[in-house]
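Here are the chains, one letter per residue:
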Amino acid sequence: MIAPENLAPTDALPVMPRAHVAARDPDALGKLVLGLGPGPFAAVVLFISPEADRKALAAGLDRAFPGVTVIGCTTAGEISPEGYCDGEIVAVALPRSCFAVDCLGIDLNRLDGQELIGRLIRARAGLSRLQPDWEGEFAFVMVDGLSIREDELTAALGPGLGPVPLFGGSAGDGTRFEETFVLQDGQFRQGWAVLMLVRTACKVKVFSLNHLTPTNRRMVVTGADPARRVVHQINAEPAAQEYARLLGKDPGQLTTFTFAAHPVVVRIGGSHHVRAIQQMAPNGDLVFFSAIDEGLVLTLAEPQDMAVHLDRALSDLSEGGRPAAILACDCILRRIEAMENQRFGAVSALLKRHGVVGFSTYGEQLNSMHVNQTMTGVAIYPPKVAG
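Residues numbered from 1 in each chain as written. Predicted model: local features only at pLDDT ≥ 70, side-chain atom pairs only at ≥ 80, totals over all residues. Heavy atoms only, no water.

With respect to the overall build of the protein
Turning to step 1, where the next piece is worked out: Broken down by element type, the protein carries 9 helices and 26 strands.
Turning to step 2, where the next piece is worked out: For 387 residues, the compact-globule formula gives about 21 Å, and the C-alpha radius of gyration of the protein, at 20 Å, lands near that figure.
Turning to step 3, where the next piece is worked out: If one aligns the C-alpha atoms of the protein with their principal axes, the spans along those axes are about 65 × 45 × 45 Å.
Turning to step 4, where the next piece is worked out: Expressed as a percentage of the 387 residues in the protein, the buried residues total 58%.
Turning to step 5, where the next piece is worked out: For the protein, long-range pairs separated by at least 24 residues make up 80% of all intrachain contacts whose partners lie at least 6 apart in sequence.
Turning to step 6, where the next piece is worked out: Split by element, the accessible area of the protein, about 15800 Å² in all, is 49% carbon and sulfur.
Turning to step 7, where the next piece is worked out: Charge centroids of the protein, computed over 34 positive and 42 negative side chains, lie 4 Å from each other. (Helix = DSSP H or I, 4+ residues; strand = E, 2+ residues; numbered from the N terminus. Rg over C-alpha atoms; globule rule 2.2 N^0.38 Å. Buried < 20%, exposed > 50% of the residue type's maximum accessible area, 1.4 Å probe, protein only. Contact = heavy atoms within 4.5 Å. Areas by Shrake-Rupley, 256 points an atom, 1.4 Å probe, with all protein chains shown as cover. Lys, Arg positive; Asp, Glu negative; His and termini not counted. Charge placed at Lys NZ, Arg CZ, Asp CG, Glu CD.)

Listed below in structure tokens is the structure:
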């Protein structure tokens, strides 16, 4: 018998069955199969702690989920039906009764925009022919979080997706930042992305949220290496030194929490988007999670209460009816900030109450942009019942 604390019940969200199990459990796949139920499923998505035995997991997928498309990635933490968790594998399934999918693997070292547009258009047309009466559509992408190719990838996906909304997350490696993997076709790959196109009988809403408010403190990037997402100088001064000065801190006081608590944003198209700092290099450079370039004007932002903002934002998704499921990609910096500010328990409880599952990321994707320190996701509403 499976202990309830090790495997969550799935009957609460029949539109998207969910299960979770300890990553090091030798029978992890067997328990996930039991937890998800018999299907039939169009796809199964796995969010996998870096503690898991990837080799054993890959070897057992065909036997565990015969004939089912299985994709996934490693994480910087998981979001299970119980809220924030670590050291687990979280599984979600898309039943064939409500979902049709097509998954495209993308080699990030051989990105060909025109070829990708063609693949996307053909895949969308195929799903439309398969289920012409289903109107809900979205695209979900998981990408190697250390590839430094997310910005290029999202820009390439946009023209082929057309009106289909995209969200996704960059695979993680806890807080180590050493190696990240994307799972497709029974293989864990680096330098890879997998895009899942979804057509559904359910109403869906892709969303993005963050709890940050821009201030009037601005700075200009005056020295950078865009290819490596490294900033050497801000306001013609050493980057970390100038960033610390604007915060009223000594550069030696800069930590991951400092970067989470005091992010910088850029204004694009009338909206502010986070350009989160990953770490300070030994030489005082600042390494970012997303695209950065010389001449960019950065604005310091200050966070609101994360739990209050999250509750309000997720509650807004229930206007007109509560979602049957929410699949989300949540930046690792949000998790770090919640822990440092003693809001971890409150945020975790809200994720559980609102039925959110997913993973903590090294960055998020929204339509044609790669962003940071946000939660992106899709709210899936109950399908209409004929008659």
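Re the sheet that holds strand 24 (residues 364-366)
Turning to step 1, where the next piece is worked out: Spatial ordering of the open sheet is given by 7-12-8-9-24-25, a layout of 6 strands whose pairing is mixed. With partners counted over all chains shown, the strands left at the sheet margins are strand 7 (99-107) and strand 25 (369-371), one partner each. Pairwise comparison of adjacent strand axes, ignoring direction, gives a mean angle of 20° for this sheet.
Turning to step 2, where the next piece is worked out: Bridge count for strand 8 (residues 136-143) against strand 12 (residues 192-200) is 8 bridges, and the pairing is antiparallel. Bridge pairing in strand 12 places methionine 142 opposite valine 194.
Turning to step 3, where the next piece is worked out: Set on the sheet, helix 3 (residues 113-130) makes contact with strand 7 and strand 12; between it and strand 7 the angle comes to about 170°. (Pairing = 2+ DSSP bridges. Axes fitted to C-alpha atoms, helices over the stretch in contact; angles between N-to-C directions.)

Comments concerning the side chain of threonine 215
Turning to step 1, where the next piece is worked out: With respect to the secondary-structure elements, threonine 215 resides in strand 14 (residues 212-225).
Turning to step 2, where the next piece is worked out: A polar contact is formed between the side chain of threonine 215 and the backbone nitrogen of arginine 217, at a distance of 3.2 Å.
Turning to step 3, where the next piece is worked out: Reaching out from threonine 215, the side chain makes a polar contact with the backbone oxygen of leucine 300 at a distance of 2.8 Å.
Turning to step 4, where the next piece is worked out: Once residues lying within four places of it in the same chain are set aside, the contact partners of threonine 215 are Thr299, Leu300, Ala301 and Glu302. (Polar contact = N/O pair within 3.5 Å; in protein donor to acceptor, adjacent residues only side chain to side chain.)

Focus on the packing of helix 3 against helix 4 (residues 150-161)
Geometry of a packed helix pair, given as the angle between the helix axes and the separation of the axes.
Turning to step 1, where the next piece is worked out: At a minimum axis separation of 8 Å, helix 3 and helix 4 run at an interaxial angle of 40°. Classified by the angle their axes make, helix 3 and helix 4 are oblique. Seen along the crossing, helix 3 lies across helix 4 with a hand that is right-handed. Here Leu116, Ile117, Leu120, Ile121 and Arg124 of helix 3 come into contact with helix 4, specifically with Ala156, Leu157, Pro159, Gly160 and Leu161.
Turning to step 2, where the next piece is worked out: Partitioning the contact of helix 3 with helix 4 into residue classes produces 8 nonpolar, 1 polar and 1 charged. (Parallel < 35°, antiparallel > 145°, perpendicular 65-115°, else oblique. Left-handed = near helix turned anticlockwise from the far one by under 90°. Nonpolar A, V, L, I, M, F, W, Y, C, P; charged D, E, K, R; others polar.)

A short note on the packing of helix 7 (residues 306-316) against helix 9 (residues 344-353)
Turning to step 1, where the next piece is worked out: Direction vectors running N to C along helix 7 and helix 9 enclose 10°, while the axes themselves pass 9 Å from each other. On the basis of their axis angle, the class for helix 7 and helix 9 is roughly parallel. Contacts from Met306, Ala307, Leu310 and Asp311 of helix 7 reach helix 9 at Ala346, Val347, Leu350, Leu351 and Arg353.

So, the packing of aromatic side chains
Turning to step 1, where the next piece is worked out: One pass over the structure, following the stated rule, counts 9 aromatic pairs.
Turning to step 2, where the next piece is worked out: When the centroid spacing of 5.1 Å and the interplanar angle of 15° are considered together, the rings of phenylalanine 47 and phenylalanine 359 count as stacked. You can see phenylalanine 47 sitting in strand 2 (residues 41-48) and its partner phenylalanine 359 sitting in strand 23 (residues 356-361), a full 312 residues away along the chain.
Turning to step 3, where the next piece is worked out: With a relative accessible area of 0%, phenylalanine 47 lands in the buried category.
Turning to step 4, where the next piece is worked out: With centroids separated by 6.3 Å and ring planes inclined at 50°, the aromatic side chains of phenylalanine 289 and tyrosine 362 adopt a geometry described as tilted. Separated by 73 residues along the polypeptide, phenylalanine 289 in the loop between strand 20 (286-288) and strand 21 (297-303) and tyrosine 362 in the loop between strand 23 and strand 24 bring together distant segments of the chain. (Phe/Tyr/Trp six-rings, centres within 6.5 Å; stacked < 30°, edge-to-face > 60°.)

Re the confidence of the model for the protein
Turning to step 1, where the next piece is worked out: Across the protein, the average pLDDT comes to 92, with 96% of residues at or above 70.
Turning to step 2, where the next piece is worked out: Per-residue pLDDT stays below 50 along residues 1-13; that stretch engages in 27 contacts with residues further than four places along the chain or on separate chains. (pLDDT = per-residue confidence, 0-100.)

Remarks on the side chain of serine 348
Turning to step 1, where the next piece is worked out: Looking at the secondary structure, you find serine 348 in helix 9.
Turning to step 2, where the next piece is worked out: Each residue touching serine 348, except ones within four places of it in the same chain, is listed here: Glu82, Gly83 and Tyr84.

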